[in-house]
Amino acid sequence: MAGLELLSDQGYRLDGRKATELRKVQARMGVFAQADGSAYLEQGNTKALAVVYGPHEIRGARSRIRHDRAVINCQYSMATFSTAERKRRPHGDRKSTEMSLHLKQTFEAAVMTQLYPRSQIDIYVKILQSDGGNYSVCVNAATLAVIDAGIPMRDYVCACTVGFVDETPLADLCYAEESGGVSSLALALLPRGGQIALLQMDARLHQDHLESLIEAAMTACKGVSKVLDEVVDVTLETGSSVSKLYVTTDNNMGLLSDPNRRRALISLLTRLNAPICVVCYMAGVAWFMGLAFEPFTLRTYMSENAMGSTMVEERFPAGERALATGREFSAHKKKAGGMPVDWLVKTMQARGLEVFAQRFSRTLPFPDENKERYLVKGTNVYGILRAPRAPRTEALVLSAPCTPGDNNNQAVGLLLGLAQYFRNQVYWAKDIIFLVNEHDLIGMQAWLEGYHHTNTTGMDWSPLQGRGGSIQAALSLELSSDVITSLDLVLEGLNGQLPNLDLANLFYAFCQKIGVLCTIQGKLQRNDWDSVSGYSHSVQTMMLMVMKQASGRPWGDHGLFLRYHIEAATIKGINSFRQYKTDTTTIGRLLEGMYRKLNNLLERLHQSYFFYLMPSLSHFVSIGYYMPAFGLLAVILLLRALDLWVQLATPPPRTEDGVADTEQMSSPGVLSVLTPLVISHLTGVALYMLPIGFQEVAVEHFPVSETEAVVLTAIAIYTAGLALPHNTHRLLSGEGTEQGWKVLKLVAVLYLAVLLGCTALINFSLGFILALTLVPVAAFVTPHVPKVLSAFILVILSPACTLLFSVFFFQELQEMPVSFIDGWMLFLSVISQGILDHSLYGSLVYPLIALLVYPCWLLFWNILFWK
Amino acid sequence: MAAHRCSYSAFLLIICSLSRFFVADSQETTLTGDNHAAEVDNPQTATETAGQTAEQPAVEEKLWEATEEATPDDADTDKQDTSTPETAAPSSVPQPKDDFQEELVIRPLHSGDIYTSFQFRTLWETDFMRGNKVSHYRLFPKSLGQVISKFSVRELHISFTQGYWRTMQWGQPFLPSPPGAELWVWFQDSVTDVDGTWKELTNVLSGIFCASLNFIDSTNTVQPSASFKPLGIGNVTDHRFLRYATLPREIVCTENLTPWKKLLPCGSKAGLAVLLKSEKLFHSSFHSQAVHIRPVCQDWQCKTTSWELRQTLNVVFDLHTPGQGKREWSLFKMFSRTLTEACPLASSSKIYIDITDNPQGEQFEVSPATPLLGQAMVLGDRRTFSVYDLTHQITFGTVRSLNLLIRWKSSEGDMLRPLLHGERYVAGYGLQTGEIHTLMYNNHPYRSFPVLLLDSVPWYLRLYIHTLTVASKGKDNKPSYIHYQPSKDRVRPHLLEMLVQLPPNSVTEVTVQFERALLKWTEYTPDPNHGFYVGSSVISSLVPSIVAMDTNSTREQPLFSSFFPCKEESSYFVRVYTEPLLVNLPTPDFSMPYNVICLTCTVVAVGYGSLYNLLTRSFQIEEPSPGLAKRIANIIRKMRGVPPL
């Protein structure tokens, strides 16, 4: 221990520190932006820079990969200018390598390497100025850098070098002390748990002193840790490198969960309820009217590729012969007084078809309006053209009805002509069924039920002998004159179902190609959409479609196919006084073309729309466009319901009356709602059941025919319903209360909303028309409005009157206006027809109106007369 | 099935006997051996025993008789030869080890259509199963021989059919087959992993025949317990070694015909096969080609067996094809070829024209006329044929080419209604449930007979087996045997086999309801809206013979032979296939709108969710709950009255 006095007698060291005193520690984190973490640390005159990269993928030797933890790679170096003598090489010498290894061991103990399997963390440390305790300074700096990189560690790693001089441990040795022959000890500590990460001692020391030396080192380390902790804290607070997640802590609640805002919103809704409702109604109607405006609609286009661009030449030559066959058919029809079954069978067989006949009979619930028949008996004749080399799995249908009188002979003639022509062609891939059905829809119903072996309406038919697999598409043909001017396409089927739009597109495409005038709803297409008359023309066309769809009845023989998921349409030949003439050969070619395209189908028609309205044949409105019109009407009901709900929830501000009201409300609540509901529905059931059930009684007692009896019974029950239920609640609960009608109205409004919503999804037109009339009723009815006027309006907007107006409107649209008396008669026949349609084909409009809509309307009637 | 084979062999016998009498070679042994084969195969049920004897009438077939105006030509001398009964002709000529025969049957149908049926038979006396490898192939196609030995196949029947056989117009076909592809195979009982072998075999056959047979997997393979019996020798009837599958969707076209033709010894270069031009064959109403391989007896005592490869091709030409103004048919018109020679490798090469309904030539006229007539029992009916032997130069006449011409004179005359036929359809509407109706018609006026119905329904039609009803004439008809194997989703199909007695002159309706399964979206075919196929159901039966119904049958026979209805003639085996079904399953709309709906729903859901959150939630900072120590410390501090940490 010669030379320097390392520790003076006063207990001071060379640089004037006490034995346990540390040098001044200064540090900064995040000194470099490029590295993942970096720190600069000065401890006395020793200055170190530490940089951390990673964790990242292992670079270099893949063999170093550890599958359970990260590999730590350390590199220690000293700047050439860091020592008194200039160093030759900054790193790579023995000492540096050893130091790197020590660092590595230290950090492997401290860093939570298991969090980063198969990755690598690089720690580079450089001593800028060396003044003793290089190792510990490096460790401290690296700790900060690792923290800066955001790599989780078990704890800070703090290191310190201690020496032992004169039985006294000296903390944090400087260069002079280190080189002065002190036996020094470097210790890296995880201060919180007191674990030692690394302990290194080069010199000799007596065993007894080790304890105290380590003790001193640990104390010193803890001192360092405190400093580092402060540095980290400071860094975090200034927010220099670590981004902090700030969460707003203001007291703003969500818009609806905040009572104040909610109150404001609700009061806005209740205060402005009436104007909003009016605006919605207007907007709904305007939207609907806008649908017919051509720029707002879409052009039709063929979606099905199989029917797309393949051009074929139509060659059907035998129009004249078809007409002759038609005349022959007509003669035989007259002779047979109905379907000339034998002749048809023979003719079809001669054309090489497999021919079958089906007999059917149907007892009508009551004789229908114009034909006066109870029992319908008939025979359908159909011939199947078997496609060559086809396994009877798919078929197409062409049908023509055999109507009494002189109608439709040409259609049957053309059908037979086409059968003959088609039979000689080789390109068929699907069987083609040529069907002549007697009694229009009833025969068609019998045939379809026989083909699919179902019985939905209690009809008697003989089972079919021949089938052609699943029917892919069907066309029904109606031609009544030798020369026609235009072809009309009828799409509306049972319950407002429509065929896939591609079928209409196909028809339109071939009309364009062959040059036949084509109409829809009997309306030609016009090009002047920008003029008022042009616009009104397309509105008329669309309104006609809406009316027809809303009626829910099949508007042609095709209408019954749609239930069986068979796309079908009726093509009607129109002979008006236009100049343009088309002969049967051309129509035959048109049908030939359509069937060849349908024959090409690989799949069922499914590409295009199933829900649409057509303002003209070349334009359509898809469901996405027309539904908002209904939605705007339906939202009124919801708004009213909300208004009522709020009113019910918040008791009126009157103090004493209000208390009385609420008390009363609680007791009669359920009954006051339930009774009118039950009564009005019972009325509905009566309206549904009685007209048919009581026809015999009615005929006995009144001088009317069965049909009249049914219709008049229906009207009588309908009218009686108005008188019946509106006072019943008084019998049960005495005085009607303010709360009582509100609850009832709330129920009625929601009921109506659900009802209309469901209806509109299935049959948009029906839902929309009902919404158009019933929504205003539902919106304005209260017991406080003037009674007489309101009752009048209510009656005007009732379902029956809607039907009456629709009849007039429909006639008007068809340019066949009727006088009031005629209209009334038509109205009566429409009712009887609706009831017949329900029992014959399963049309749902009559039960819907009778069982659901009418009772719902009665509820509003009930509210009006609430006392 | 044994009975089925009877019908085969009945026909086969005709061929054999023809060759015997004309060529006067030693077909005798083959013939009798074949006959014997039927007897050694002991069938399971009594009905089959009845059917087994069906070939007996064929044995006592009518010998050749010349027409009245038979000209003294070369054939006449043949006729003289044949008229001497040579029942036990000792086969002194050394037998060739393999043998090839070809024939064409033309049957004008009552509908005016024409039915042509080619049959090519290769016989080879060899044993593929023995240890030593068969390496030298002469007539037998090597590709099939290797398949037989590699996969230990005992019997293999494969058919490709385009179109549906119209039983009601055309009568029964010689060889029935369902639309699409049908494959059934009996394996040797030495095969341990039958399913694995089957899988490999289908893949190999798929390559050989250029067909999609590799689509046969466990979901369309069944093991019928009774409907398909081995047709060759051997009496192993354990249906574990049987696999049956149909692919109703398979389209058959020229690429299937070409490999089929290559299996013939002469290819399509010579013989009848020159007629097989695909442009005409696929311009028809019905096209069916088949390959049947089975072991048959080689000699009378069945000491040695030989392998029989029978290739058949059936075509029905349509009367109403364009350019068919005159009602006449000729070989050239049908096949755009005429015949000039027989296949040089063939031991027999013949054309038969069915003239049963035309004894005096009132319906149609055949030219050139042939003096040779033959009779045979075909499907319970005694048919008369004009025979043209191609091995004789005289057949080709002076122009050295044979162009048979059939000219229709009148289209009158009714076809005897087929005694058995079936049809099938799906009833009901909507995409949830449905009902499969199978109708079986027994048109026999007074005899009832049992039929075996085999139905294999894919798993995605979930059969409600409790709704199974069998009714004839409005009454419940209880099947005497039902074998039902329920399906497993995505693994195996339903298998339903029933033995039903069909009352005379009746329709028996088998109905079963099903539910349509919703498939996973990857399981849909690329054209899901086309529908899914259900293979034909198979009706196998022993049908009472028409001959027994024929009051005039005594006319051609000695009186002493015809008082009792001869048992052997009384029934014959028929297999009838119904139409395949096309069933629509509930299908998501895979088109663009479907994607749009999915996307918009997602966007709306996400947008709505966040908006709803914003509207209804309030945000607060969650105070981290202090640790346990801190909480305890705080309690203590509280008790001490010191502010908490």
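Residues numbered from 1 in each chain as written. Chains lettered and ligands numbered in written order. Predicted model: local features only at pLDDT ≥ 70, side-chain atom pairs only at ≥ 80, totals over all residues. Heavy atoms only, no water.

Under an unreviewed UniProt entry, the name given to chain B is GPI transamidase component PIG-T, and the source organism is Perca flavescens.

As recorded in an unreviewed UniProt entry, chain A goes by Exosome complex component RRP41 and comes from Perca flavescens. Here chain A is described in UniProt, under the heading Function (unreviewed entry), as follows: "Component of the glycosylphosphatidylinositol-anchor (GPI-anchor) transamidase (GPI-T) complex that catalyzes the formation of the linkage between a proprotein and a GPI-anchor and participates in GPI anchored protein biosynthesis. Binds GPI-anchor." The record held by UniProt for chain A lists under Pathway (unreviewed entry) the comment "Glycolipid biosynthesis; glycosylphosphatidylinositol-anchor biosynthesis." (UniProt positions renumbered as here; feature names shortened; annotations may be inferred.)

1. Here's the deal with the overall build of chain B
Scanning chain B from N- to C-terminus turns up 13 helices and 26 strands. For chain B, the residues scored as buried account for 56% of the 645 residues in total. The contacts in chain B between residues at least 6 apart in sequence include a share of 77% that link residues at least 24 apart. In the structure as shown, chain B presents an accessible area of about 27,600 Å², 56% of it carried by carbon and sulfur atoms. (Helix = DSSP H or I, 4+ residues; strand = E, 2+ residues; numbered from the N terminus. Buried < 20%, exposed > 50% of the residue type's maximum accessible area, 1.4 Å probe, protein only. Contact = heavy atoms within 4.5 Å. Areas by Shrake-Rupley, 256 points an atom, 1.4 Å probe, with all protein chains shown as cover.)

2. Let's talk about the domain arrangement of chain A
What the domain assignment reports for chain A is domain 1 (2-259), domain 2 (305-525 + 558-617) and domain 3 (625-652 + 666-864). Taken over C-alpha atoms, the centre of domain 1 of chain A sits 94 Å from the centre of domain 2 of chain A. (Domains from an automatic or database assignment.)

3. A short note on the confidence of the model for chain A
Residues and elements named next belong to chain A. Residue-level pLDDT values for chain A average 85, and 92% of them are 70 or greater. In the predicted structure, residues 240-252 sits below a pLDDT of 50 and forms 12 contacts with residues beyond four places in sequence or in another chain. Predicted confidence is poor over residues 654-667, with pLDDT under 50, and the contacts of this stretch with residues over four places away or in other chains come to 6 contacts. (pLDDT = per-residue confidence, 0-100.)

4. Description of empty space enclosed by the protein
Empty space left among the atoms is revealed by rolling a probe the size of a water molecule over them. Residues and elements named next belong to chain A. Taken as a whole, this structure holds 13 cavities of 30 Å³ or more when the rule is applied. Quantified by volume, the largest cavity comes out at close to 120 Å³. Contributing to the lining of the largest cavity are 14 residues, with Glu 294, Arg 526, Gly 534, Ser 538 and Ser 616 lying nearest its centre. Those elements that place two or more of their residues in the lining of the largest cavity are α12 (532-551) and β20 (612-616). (1 Å grid on protein atoms, 1.4 Å probe; cavity = no way out; pocket = protein on both sides within 12 Å on 5 of 7 lines; lining within 4 Å. Points joined across faces, edges and corners; volume = space filled by probe spheres on them.)

5. So, the packing of helix α6 (residues 273-290) of chain A against helix α14 (residues 623-649) of chain A
Residues and elements named next belong to chain A. For the pair α6 and α14, interaxial distance at closest approach is 8 Å and the crossing angle is 165°. Accordingly, the angle class assigned to the pair α6 and α14 is roughly antiparallel. Note on packing geometry: the crossing formed by α6 with α14 is left-handed. Between α6 and α14, the contacting residues are Asn 273, Ala 274, Ile 276, Cys 277, Cys 280, Tyr 281, Ala 283, Gly 284, Trp 287 and Phe 288 on the first element and Tyr 625, Pro 628, Ala 629, Leu 632, Leu 633, Val 635, Ile 636, Leu 639, Arg 640 and Asp 643 on the second. Residue classes in the contact of α6 with α14 are distributed as 16 nonpolar, 2 polar and 2 charged. (Axes fitted to C-alpha atoms, helices over the stretch in contact; angles between N-to-C directions. Parallel < 35°, antiparallel > 145°, perpendicular 65-115°, else oblique. Left-handed = near helix turned anticlockwise from the far one by under 90°. Nonpolar A, V, L, I, M, F, W, Y, C, P; charged D, E, K, R; others polar.)

6. Thoughts on the UniProt feature "transmembrane region" (unreviewed entry) in chain A
Residue and element names in this part refer to chain A. The feature "transmembrane region" (unreviewed entry), as given by UniProt, occupies residues 670-689, 709-728, 749-782, 788-810, 817-836 and 848-866 in the numbering adopted here. The distance from the first to the last C-alpha atom of residues 817-836 is 25 Å, and the span holds 85% helix and 0% strand. With 89% helix and 0% strand, residues 848-866 has its two end C-alpha atoms placed 26 Å apart.

7. Thoughts on the confidence of the model for chain B
Residue and element names in this part refer to chain B. Per-residue confidence for chain B gives a mean pLDDT of 78, with 78% of residues at or over 70. Overall, residues 1-95 carries pLDDT values under 50, and its contacts beyond four positions in sequence, including any with other chains, amount to 177 contacts. Across the interface, the model reports ipTM at 0.79; the global pTM reads 0.74.

8. So, the UniProt feature "domain: Exoribonuclease phosphorolytic" (unreviewed entry) in chain A
When the UniProt feature table is mapped onto this chain numbering, "domain: Exoribonuclease phosphorolytic" (unreviewed entry) sits at residues 21-152 and 155-219 of chain A. Helix makes up 28% of residues 155-219 of chain A and strand 42%. Its end C-alpha atoms lie 16 Å apart.

9. A closer look at the sheet that holds strand β3 (residues 46-57) of chain A
Remark on secondary structure: sheet strands pair via backbone hydrogen bonds, oriented parallel or antiparallel. Residues and elements named next belong to chain A. The mixed open sheet is built from 5 strands, whose spatial order is β1-β2-β3-β5-β4. What marks the edges here is a single partner per strand, and that holds for β1 (25-29) and β4 (71-78). Taking each pair of neighbouring strands and ignoring which way they run, the sheet shows an average axis angle of 15°. Bridge analysis of β4 against strand β5 (residues 119-129) gives 8 bridges, and the strand direction is parallel. Bridge pairing links Val 71 to Gln 120 in β5. Strands β4 and β5 of the sheet are contacted by helix α1 (residues 94-110), whose axis makes an angle of about 140° with β4. The strands touched by helix α4 (residues 207-238) within the sheet are β1 and β2 (37-43), with β1 carrying the most contacts at an inclination of about 35°. (Pairing = 2+ DSSP bridges.)

10. Some remarks on the environment of A:Val52
Residue and element names in this part refer to chain A. Assignment of secondary structure puts Val 52 in strand β3. With a relative accessible area of 0%, Val 52 lands in the buried category. If we ignore the near neighbours within four places in the chain, the residues touching Val 52 are Ala 35, Asp 36, Gly 37, Ile 121, Asp 122, Ile 123, Ala 145, Val 146, Ala 149 and Ile 151.

11. Comments concerning the sheet that holds strand β10 (residues 298-299) of chain A
All names here are of chain A. Overall, antiparallel pairing links the 3 strands, which are arranged β10-β21-β20 in an open sheet. Since the sheet does not close on itself, it has two edges, and those belong to β10 and β20, each with one partner. Alignment of β20 against strand β21 (residues 619-622), held across 3 bridges, turns out to be antiparallel. When the bridges of β21 are listed, Ser 616 appears paired with His 619. Strands in contact with α14 are β10, β20 and β21; relative to β21, the strand with the most contacts, it is inclined by about 55°.

12. Description of the nonpolar core
A:Phe288, A:Leu344, A:Met348, A:Phe434, A:Trp447, A:Phe507 and A:Met614 are the most contacted members of the largest nonpolar core, which totals 185 residues. Here the element with the most residues in this core is helix α25 (residues 845-864) of chain A; it accounts for 14 residues. Once residues lying within four places of it in the same chain are set aside, the contact partners of A:Phe434 are A:Met348, A:Leu353, A:Val381, A:Tyr382, A:Gly383, A:Leu385, A:Leu398, A:Leu415, A:Leu418, A:Ala419 and A:Phe422. In terms of nonpolar packing, the next biggest core, distinct from the first, is built from 88 residues, B:Leu104, B:Val185, B:Leu272 and B:Phe396 among them. (Core = buried A, V, L, I, M, F, W, Y, C linked by side-chain atoms within 4.5 Å.)

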